[in-house]
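What follows is the residue order along each chain.
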Amino acid sequence: METLENGQKAATKIALVNLTKHFEGRSGTITALSDITLDIPEGKFFVIVGPSGCGKTTLLRILAGLEQQTSGDVKIAAGSDSRPLNSMVFQGDALLPWMTLRDNVAYGLKMRKVPRHTIREVVDHYLDMTGLRDFADAYPHQVSGGMRQRASIARAFSNDPEILLMDEPFSQLDEQNRLLLQQELLRIWEESRKTVVFITHSVDEAIALGDTIMVMTARPGRVKSLLDVPFDRPRDVFRMRVSQQYVEFADRIWHELRTEVDRARLLEEKGAS
């Protein structure tokens, strides 16, 4: 358990114990994840970085219930109400193209048969927070990629999950939109303080968003290090990056990550030969 500023202990929301995942391939068994033991406190923004192929997405899919681990335990402390346990935001926006942005944001609430007036209030709230109210009746193909991804984030938060799982949601955006959406995400998260597990390849993004950053090893993915982000909230992702403390912390993460990126490249070269 993590100690909060008031001295109380933050409850563990996600606990992984000796988690391992194997896949069967043409050349035999591939171990994607090996012996991961980890606690994620409730209400924390937990970021995972690691080289390509280290099992980050596999881990997220196991947390989402889309994959089954080979061995080990996944323990998630469920709440007592009717909220969904988790929502997932993917690299692409994954919106339903035949629905307007409003209907996409409302989709999870409608599936749960939430009363209409409540759906309207919640959807309007998140459309406002993401700056999409004026585009509520537009279809996904009529708006930009950044706006579609904002709609995906609004849909995830509006469904009020206990855990938000995000798999490189901004990776397909240009740098300007990426920075703006990081700021939007932080603003929405500050309001709700949901437990978030967020995957990224970007060290800058990990520092901007996270409370804790987990660096994973090259395949098989293991926990190499857990680093607490030394910046107070609320954060300004633009100003934070010009500080010397930021530069030093980013260098520390890259030092942890560099060896694993090199190892992942060697694995790829060996597999291709």
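Our structure's up above, just so we're on the same page.
Presented here is an overview of the structure given in this document. (Residues numbered from 1 in each chain as written. Predicted model: local features only at pLDDT ≥ 70, side-chain atom pairs only at ≥ 80, totals over all residues. Heavy atoms only, no water.)

Here we look at the pairing of strand 4 (residues 28-41)
Along any regular strand, the residues point their side chains to alternate faces of the sheet.
1) Next: Bridging between strand 3 (residues 12-25) and strand 4 involves ten bridges; their strand directions are antiparallel. Bridged to T12 within strand 4 is P41. (Pairing = 2+ DSSP bridges. Helix = DSSP H or I, 4+ residues; strand = E, 2+ residues; numbered from the N terminus.)

Things to note about the side chain of E168
1) Next: Counting through the fold element by element, E168 comes out in the loop between strand 8 (163-167) and helix 5 (175-192).
2) Next: Here E168 sits buried without a salt bridge, and the closest side chain of opposite charge, K56, lies 5.6 Å off (N-O distance).
3) Next: Those residues in contact with E168, other than ones at most four positions away along the chain, are Q91, I199, T200 and H201. (Buried < 20%, exposed > 50% of the residue type's maximum accessible area, 1.4 Å probe, protein only. Lys, Arg positive; Asp, Glu negative; His and termini not counted. Salt bridge = Lys/Arg side-chain N within 4 Å of Asp/Glu carboxyl O. Contact = heavy atoms within 4.5 Å.)

Side note on the side chain of K56
1) Next: Mapped onto the fold, K56 is located in helix 1 (residues 56-64).
2) Next: Only 3.1 Å separates the side chain of K56 from the backbone oxygen of P51, close enough to count as a polar contact.
3) Next: A distance of 3.5 Å separates polar atoms of two side chains, one belonging to K56 and the other to H201.
4) Next: Not counting residues within four places of it along the chain, the set of residues in contact with K56 comprises I48, V49, G50, P51, I199, T200, H201 and M216. (Polar contact = N/O pair within 3.5 Å; in protein donor to acceptor, adjacent residues only side chain to side chain.)

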